[in-house]
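Next come the chains, spelled out residue by residue.
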Amino acid sequence: MKILFIPNWRVNRLSTDVPTIQAPDKQVQGEPYWFFKYFPEGTQVDIIDIGKENQFRKIEHKIKFYLVQPWKAFRARKHYDLVISHGAQSGLVYELLTSFVKRKPQHLMFDIGGLNGARVNHTEMPLIRWALRKAPHIIVHASRQLSLYAKHYPKLAPKATFIPFGNDVDYFTPKEMAMKKQILTFGKAKRDNDTLCKAFSGIADKKGYKLVVVGAGALKEKYPDGDIEFLDPMPLKDLVTLSRESAFIVVPLPEYLYSYGQMSFLQSMALGKALIVTETTSSADYISDAPGVERVQPYDVGDMKAALQRMMASDFATLQQRGLANREFVTSHFSERQMAERIVKFISTFLNF
């Protein structure tokens, strides 16, 4: 099976492996790429990424869709059995181009952002329906997102399925480190750090804990609390070290009808950490049964405060035990291998290989 993969990010082409770069962001010469290493033997995967900055990038950013990459994929399509696009920013334009021709391979699109941010816009939606009128196969990483298709894109609904995101549990592993009385949160986009900081500031007895916020420096002036430390975004290896030495991790999420933040909490669980995670469309499938996760409701300061207090009242041994239970849970249910096997099974329903 020959696959053309068109992700909506840049992929580094490397002659030798660089461990600090995550699997989706690198293609190492002579080695299979990302989750495709678990595909059937003989699978060939070529990648056309979004490329370097170019003269069209300003236009692409403005319209929120890529143009050059889908065009390249469209021209190369005849050489492949399957085209897999990751993100509607790439997949929608490619699908539109192929809708005008007869000869085209099957198209599988990972819809991460709800096609258009899951916005109910009665001007934009008819255009999206028309662009996707040939109905590609679709994978989403949040089961609640399927309601978007049922309600607004009924022609696409029968060809859309939920497959959980799978984490690289071999890359993100626990490591014995001295635990500090610090609570970590990270991520500069799509984080409800305001609710978290309000909740933490409202705790009278912090039991010696400090809150470390990575990547949300804009809140620094709003929360001058000496027990809250704001840090700039940092390299992944440094963030992993900071995660390992923290008592527990908080992933505060706003509610959107699409997938985001999943890598953050799944990687943290794989590192063997106890967590507080907001229960949203994006997280519900992954944390409802997680043994070491405290679930909180979106934008609820009181709920977040109570969860923080419960975690802060636990001793390090209990937090470590809950974290290792999270590690086992992710390994059993949401590994990269399991994701790949589920994708292969889905592909087999519409493509013989």
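Shown above is the structure to which this text applies.
What you are looking at is a predicted structure, and each value in this text was computed from that prediction instead of being measured.

Some words on the nonpolar core
Point 1. Of all hydrophobic cores here, the largest spans 74 residues; its most connected members are Leu108, Phe265 and Ile343.
Point 2. Considering every element that reaches this core, the biggest residue donor is helix 13 (residues 336-347), with six residues.
Point 3. Aside from chain neighbours lying at most four places away, what touches Leu108 is Leu82, Val83, Ile84, Ser85, His137, Ile138, Ile139, Ile343, Phe346, Ile347 and Phe350.
Point 4. With 26 residues, the next largest nonpolar core counts Leu211, Ile228, Val250 and Leu319 among its residues.

A look at the side chain of Glu279
Point 1. In this structure, Glu279 sits in the loop between strand 13 (275-278) and helix 10 (284-287).
Point 2. Judged by relative accessible area, which is 17%, Glu279 ranks as buried.
Point 3. Excluding residues within four positions of it along the chain, Glu279 makes contact with Arg144, Ala284, Ile287, Arg295, Val296, Gln297 and Pro298.

Quick word on the pairing of strand 13
Point 1. Residues Leu275 and Val277 of strand 13 are buried on one face, and the alternating residues Ile276 and Thr278, pointing to the opposite face, are buried as well.
Point 2. Where strand 12 (residues 246-251) lies against strand 13, three bridges are found, and the strand directions are parallel. Note on strand 13: the bridge partner recorded for Ile249 is Leu275.
Point 3. Sheet analysis places strand 13 next to strand 14 (residues 293-296), joined by four bridges and oriented parallel. Paired with Ile276 across the strands is Glu294, a residue of strand 14.

Criteria and thresholds
- Residues numbered from 1 in each chain as written.
- Predicted model: local features only at pLDDT ≥ 70, side-chain atom pairs only at ≥ 80, totals over all residues.
- Heavy atoms only, no water.
- Core = buried A, V, L, I, M, F, W, Y, C linked by side-chain atoms within 4.5 Å.
- Buried < 20%, exposed > 50% of the residue type's maximum accessible area, 1.4 Å probe, protein only.
- Helix = DSSP H or I, 4+ residues; strand = E, 2+ residues; numbered from the N terminus.
- Contact = heavy atoms within 4.5 Å.
- Pairing = 2+ DSSP bridges.

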